[in-house]
Amino acid sequence: MKTAINLLLVAALLFVTACTRHSPTPNTTNVDYYTCTMHPSVHAKAPGKCPSCGMDLVPVMAKEGDSAHPKETAPPANSGGMQGMAGMPGMSGNAPEKGATTHEFVVPVERQQQIGVTYSRVERKPLEHTIRAVGMVEPDLQKHWAFVARVDGFVQQLFVTSPGEVVEKDAPLLSIYSPDLFTTEREFVSLLRMRDEAKSPEMRATPERLLQASRFRLQQWNVTEEQIKQLERSRQPNESLTLQSPFRGVVQEVAAHQGVNVKTGDHLVDVVDLSVVWVWAEFYENEISMLQQGQKLAITSNSYPGEKFEANITVVNPFLDPVKRTARARIDIANPDFRLRPGMFVNAELGMNMGEALTIPSSAVMPTGMHNYVFVDKGEGKLEPRLVYLAARYGDAYEVKSGLTEGERVVASANFLIDAEAKVQGALASFAPTPEAAHQR
């Protein structure tokens, strides 16, 4: 009986010894608190499991002179960092001492290299801003001529038959047979003879006055000045009227047909001069203040890859589209070879020089919704979170209004991981903008 009791005591002692060997008690003298790498808001005085995700809590070491178990306080507001990476091995550092004015924390240089941290200088450099818009090519309305019948008659002959035909200035487009025209031209010739046969100025006054009225009637019927002069020389009235192109252009539409009866006002043919075309481009509401008459733009088209056309803003329409919140601007482009065609979509780019200012890469900024932070490199792995005030963004850079000085180095990549480390270390625990700074922003 006594032997059995001794055997049980030896077995219990061996079991306790094995458990002690495999479950060593951690040294908690320098542990500030225990937290979760996925939920830094969890603060516990003893090791255990995270109540949110069930992961093992990790210790956060306290600096000498700090209390081993400070009273639990709520963590600082989230600055947008990736808190899940805060507890990665190798990203270690200490919170600033109580009462210290610095917010620096340490991430070893080797660890920074592992997570891909890069830096950029705060530089003063010229700023350029580019506005881009999409537009459509349209013909210049001042160089568009729509011929309509101004006299009753019949289409005698078409000299152009389809849209797209290029016509030179004064080239014939079509002829109209009109008895009314023949009668008016015959009267005009008779008045010419009457004026020539008059033997006194008083006798010439009446036919001269009637000639002016007859000349005006012919002009109203699309008879050109050159055709009237030809009639004066030949004294042979014509029973047909030939319509001529007023400029070198392209036939847009042929509505008339040979032999068809036409009445006054009927549409006959359209001719467009495409040596200058318009582009109506749409710009957003916040870009209207940057548009000015006479500004030069670059126009590109998918039809001509790699080629740019120079253009100028001629008109900025002050009326906005109430749905799209855009305003249209008219851009004039020289088009001597007729390469840009009505209905073609094009891209407009307006580049502007915005002066010179301090800049940092946009990737260096940690936005929090209300404020913006950057991490300034202090050397030897030391980093300082800094509140900055930014102006507009130009491409991949921000203009810095205050908070940084020229030549300082800031974290330009992996700053979310750096922010997570700052969270765990408590570097931002008391870092908040002053009322004066918030008012300045």
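See the structure above.
Residues numbered from 1 in each chain as written. Predicted model: local features only at pLDDT ≥ 70, side-chain atom pairs only at ≥ 80, totals over all residues. Heavy atoms only, no water.

## Description of the environment of A364
1) Next: Among the structural elements, A364 can be located in the loop between β18 (345-361) and β19 (366-367).
2) Next: Note: C-alpha distance between A364 and A397 (33 residues apart in sequence) is 9.2 Å. (Helix = DSSP H or I, 4+ residues; strand = E, 2+ residues; numbered from the N terminus.)

## Points about the packing of helix α3 (residues 179-197) against helix α4 (residues 201-220)
1) Next: Packing of α3 against α4 leaves a shortest axis separation of 9 Å and a crossing angle of 155 degrees. In terms of orientation, α3 lies roughly antiparallel with respect to α4. Regarding α3 and α4, the two cross each other, and that crossing is left-handed. Of the residues in α4, those in contact with L181, T184, E185, E187, F188, L191, L192, M194 and R195 of α3 are R204, P207, E208, L210, L211, S214, R215, R217 and L218. (Axes fitted to C-alpha atoms, helices over the stretch in contact; angles between N-to-C directions. Parallel < 35°, antiparallel > 145°, perpendicular 65-115°, else oblique. Left-handed = near helix turned anticlockwise from the far one by under 90°. Contact = heavy atoms within 4.5 Å.)

## Description of the side chain of D270
1) Next: Summarising the element assignment, D270 is placed in strand β13 (residues 267-272).
2) Next: Here H267 takes part through its side chain, which lies 2.6 Å from a polar atom of the side chain of D270.
3) Next: Here D270 is in contact with H144, W145, A146, F147, V250, V251, Q252 and E253, once residues within four sequence places are set aside. (Polar contact = N/O pair within 3.5 Å; in protein donor to acceptor, adjacent residues only side chain to side chain.)

## Examining the sheet that holds strand β10 (residues 240-244)
1) Next: What the four strands build is an open sheet, ordered β10-β9-β7-β12; its pairing is antiparallel. Edge strands, defined here as strands with exactly one partner in the open sheet, are β10 and β12 (261-262).
2) Next: Summarising the sheet, strand β7 (residues 153-158) and β12 pair through two bridges and their orientation is antiparallel. Looking at the pairing, G153 lines up with V262 of β12. (Pairing = 2+ DSSP bridges.)

## Describing the packing of aromatic side chains
1) Next: Throughout the structure, instances matching the rule amount to two aromatic pairs.
2) Next: Here the aromatic rings of Y304 and F309 are separated by 6.0 Å at their centres, their planes lie at 70 degrees, and the arrangement is edge-to-face.
3) Next: Looking at R330, its charged tip hangs above the ring of W278, at a distance of 4.0 Å from the centre. (Phe/Tyr/Trp six-rings, centres within 6.5 Å; stacked < 30°, edge-to-face > 60°. Lys NZ or Arg CZ within 6 Å of the ring centre and 35° of its normal.)

## Some points on empty space enclosed by the protein
1) Next: Tallied over the entire structure, the rule returns one cavity of 30 Å³ or more.
2) Next: In this structure, the largest cavity spans a volume of roughly 30 Å³.
3) Next: Around the largest cavity sit V148, A149, R150, V151, I176, W221, N222, L241 and L243, which together line it.
4) Next: Within the lining of the largest cavity, the residues separate by chemical class into seven nonpolar, one polar and one charged. (1 Å grid on protein atoms, 1.4 Å probe; cavity = no way out; pocket = protein on both sides within 12 Å on 5 of 7 lines; lining within 4 Å. Points joined across faces, edges and corners; volume = space filled by probe spheres on them. Nonpolar A, V, L, I, M, F, W, Y, C, P; charged D, E, K, R; others polar.)

## Topic: the nonpolar core
1) Next: Grouped together as the largest cluster of nonpolar side chains are 32 residues, with contacts concentrated most on L173, L174, L218, L268 and V269.
2) Next: Sorting the residues of this core by element identifies β7, β9 (172-177), α3, α4, α5 (225-234), β10, β11 (249-254) and β13 as the ones contributing at least two each.
3) Next: By residue number, the principal contributor to this core is α3, which donates five residues.
4) Next: Counting 27 residues, the second-largest nonpolar core is a separate cluster that includes A133, F338, L340 and L350. (Core = buried A, V, L, I, M, F, W, Y, C linked by side-chain atoms within 4.5 Å. Buried < 20%, exposed > 50% of the residue type's maximum accessible area, 1.4 Å probe, protein only.)

## With respect to the pattern of salt bridges
1) Next: What the rule picks out here adds up to 19 salt bridges.
2) Next: The salt bridge involving E307 is made with R339; its shortest N-O contact spans 2.6 Å. A residue pair is termed long-range when its members are at least 10 positions apart, and E307 in the loop between β15 (296-300) and β16 (308-320) and R339 in the loop between β17 (326-334) and β18 qualify at 32 residues.
3) Next: Since its relative accessible area comes to 28%, E307 is described here as partly exposed.
4) Next: Salt-bridge contacts for R386 lead to E408; the nearest nitrogen and oxygen are separated by 3.1 Å. Placement of the pair is R386 in strand β21 (residues 382-394) and E408 in the loop between β22 (397-402) and β23 (409-413), with a sequence separation of 22 residues. (Salt bridge = Lys/Arg side-chain N within 4 Å of Asp/Glu carboxyl O.)

## Considering the pairing of β11
1) Next: Bridging between strand β8 (residues 166-167) and β11 involves two bridges; their strand directions are antiparallel. If you follow V166 over to β11, its bridge partner there is V250.
2) Next: Both β11 and β13 contribute to a ladder of four bridges, which runs antiparallel. Following the sheet pairing, V250 is matched in β13 by V272.

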